[in-house]
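Residues per chain are reported as follows:
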Amino acid sequence: MSWKISDGPAIGPTDQRMARRTEDHPLEYATFEGIVPQGRRGPDGVVVWDHGTYANGTRHDMAKGLACGHVSFHLRGDKLRGRYAMTRIREGEEETWLLVRRPEEHAHSYS
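Since the structure is predicted, the reported quantities are computational estimates derived from the model, not experimental observations.

Asks: Can you tell me about the pattern of salt bridges, naming the residues and giving the values?
Replies: Under the defined criterion, the tally for this structure stands at 3 salt bridges. For the salt bridge of Glu94 with Arg20, the shortest nitrogen-to-oxygen distance reads 2.4 Å. A residue pair is termed long-range when its members are at least 10 positions apart, and Glu94 in the loop between strand S7 (81-90) and strand S8 (96-101) and Arg20 in strand S2 (residues 16-22) qualify at 74 residues. Overall, Glu94 belongs to the partly exposed group, its relative accessible area being 31%.

Here is the structure:
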């Protein structure tokens, strides 16, 4: 699944970001940066901000959480590490999620 986060990801423990659901991108885009000519909203720039892995942060299945509108996960990226949660706040063509950094011992801001 793919999201557009215009203000960049939530880094600090009090950060909240709007994440717009976009059309899903193939894994080959993990190394692509540039302009994607087609899409629901026209041409759009792609920047792969980080690489890494994630793990489910709950005992519930991720697919079920996404369908219900809430997921928690642990990121283990080159830049981002920590616990995050996403909650769907708008459905439909303008599907929007709220991305938050969950409080934890190691959460800090990168300047």
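Now that the structure is up, let's keep going.
Asks: Give me the packing of aromatic side chains: which residues, what numbers.
Replies: To describe a pair of aromatic rings, one takes the distance between the centres and the angle between the planes. Tallying each qualifying case throughout the model produces 2 aromatic pairs. When the centroid spacing of 6.1 Å and the interplanar angle of 10 degrees are considered together, the rings of Phe73 and Tyr84 count as stacked. Highlighted residues: Phe73 in strand S6 (residues 70-77) and Tyr84 in strand S7, separated in sequence by 11 residues. Here Phe73 and Tyr84 have matching classes, each one buried. The side chain of Arg21 reaches across the aromatic face of Trp3, ending 5.8 Å from its centre.

Asks: Give me the lowdown on the pairing of S6, citing residues and values where you can.
Replies: Note on strand geometry: in a regular strand, side chains alternate between the two faces of the sheet. Relative to S6, strand S5 (residues 52-56) runs antiparallel, the two being bridged by 5 bridges. If you follow Asn56 over to S6, its bridge partner there is Phe73. Where S6 and S7 come together, 7 bridges link them in antiparallel fashion. Among the inter-strand pairings, Arg76 is bridged to a residue of S7, identified as Arg81. The hairpin formed by S6 and S7 contains 3 residues between the paired strands.

The rules behind these values
- Residues numbered from 1 in each chain as written.
- Predicted model: local features only at pLDDT ≥ 70, side-chain atom pairs only at ≥ 80, totals over all residues.
- Heavy atoms only, no water.
- Salt bridge = Lys/Arg side-chain N within 4 Å of Asp/Glu carboxyl O.
- Helix = DSSP H or I, 4+ residues; strand = E, 2+ residues; numbered from the N terminus.
- Buried < 20%, exposed > 50% of the residue type's maximum accessible area, 1.4 Å probe, protein only.
- Phe/Tyr/Trp six-rings, centres within 6.5 Å; stacked < 30°, edge-to-face > 60°.
- Lys NZ or Arg CZ within 6 Å of the ring centre and 35° of its normal.
- Pairing = 2+ DSSP bridges.

Spatial relationships are all this shows, so hold off on functional conclusions.
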